[in-house]
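Next come the chains, spelled out residue by residue.
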Amino acid sequence: MKMQWSLILSILFAIIIAVFAILNIESVQVNYLFGKAHLPLILVILFTALLGAAISGFMAMFRSIHTNRQINELKKEMTAKEILIATQQNEIAALQHLVDPPQNLDTIEGEM
């Protein structure tokens, strides 16, 4: 459901940008670090919108990769701790058998 809403909002946003860009077709001066150029405003608007989308997409991708790595590390840590808990529970059970011998052995010894 969330994916559908984000797709709908993305399409709506793209349509708004496209209409805005089409309404602004006059040529404007763009100042770069290394020079100046006269470009149609529609190209400037569309380029900056695409650049913003690409940057936010890359940031989301890197955040997702980082989160997946954290999840995998936590899963490994959880597995190691589960193994440790199982080992300790086995040790506790073994120690309890040493302290409290089974009851049926006492009754067998009493009959002899």
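Numbering of residues starts from 1 in every chain and runs along the sequence as written. The predicted origin of the model limits local features to residues at a pLDDT of at least 70 and limits the giving and counting of side-chain atom pairs to 80 or more, whereas totals for whole chains, interfaces and linings rest on all residues. Processing note: side-chain calculations cover all non-hydrogen atoms of the structure and skip hydrogens and water entirely.

### Here we look at the overall build of the protein chain
Regarding its fold elements, the protein chain presents three helices and two strands. We count a stretch as a helix when DSSP gives it H or I for four or more residues in a row; a strand needs E for two or more, and each element gets its number in order from the N terminus. Along the protein chain, from the amino end to the carboxyl end, the secondary structure elements read α-β-β-α-α. Counting only residues that meet the buried cut, the protein chain has 5% of its 112 residues in that class. Throughout, a contact is declared for two residues whenever any of their heavy atoms are within 4.5 Å. Of the contacts formed within the protein chain by residues at least 6 apart in sequence, a portion of 18% connects residues at least 24 apart. For every residue, the accessible area obtained with a 1.4 Å probe (protein chains only) is divided by the maximum for its type, and the residue is called buried under 20%, exposed over 50%, and partly exposed between those limits.

### Details of a nonpolar patch on the surface
Patch criteria: residues need more than 30% relative accessible area and no salt bridge. Like-charged residues are merged within 9 Å; nonpolar side chains of Val, Leu, Ile, Met, Phe, Trp and Tyr are merged within 5 Å. Accessibility throughout is a Shrake-Rupley quantity obtained with a 1.4 Å probe, and a residue counts as covered only by protein chains that appear here. In the sections that follow, a salt bridge refers to a side-chain nitrogen of Lys or Arg positioned within 4 Å of a carboxyl oxygen of Asp or Glu. Nonpolar side chains collect at one region of the surface, where Leu 7, Ile 11, Ile 15, Val 19 and Leu 23 lie side by side and expose about 490 Å² of accessible area between them. Residue placement: Ile 11 occurs in helix α1 (residues 2-23).

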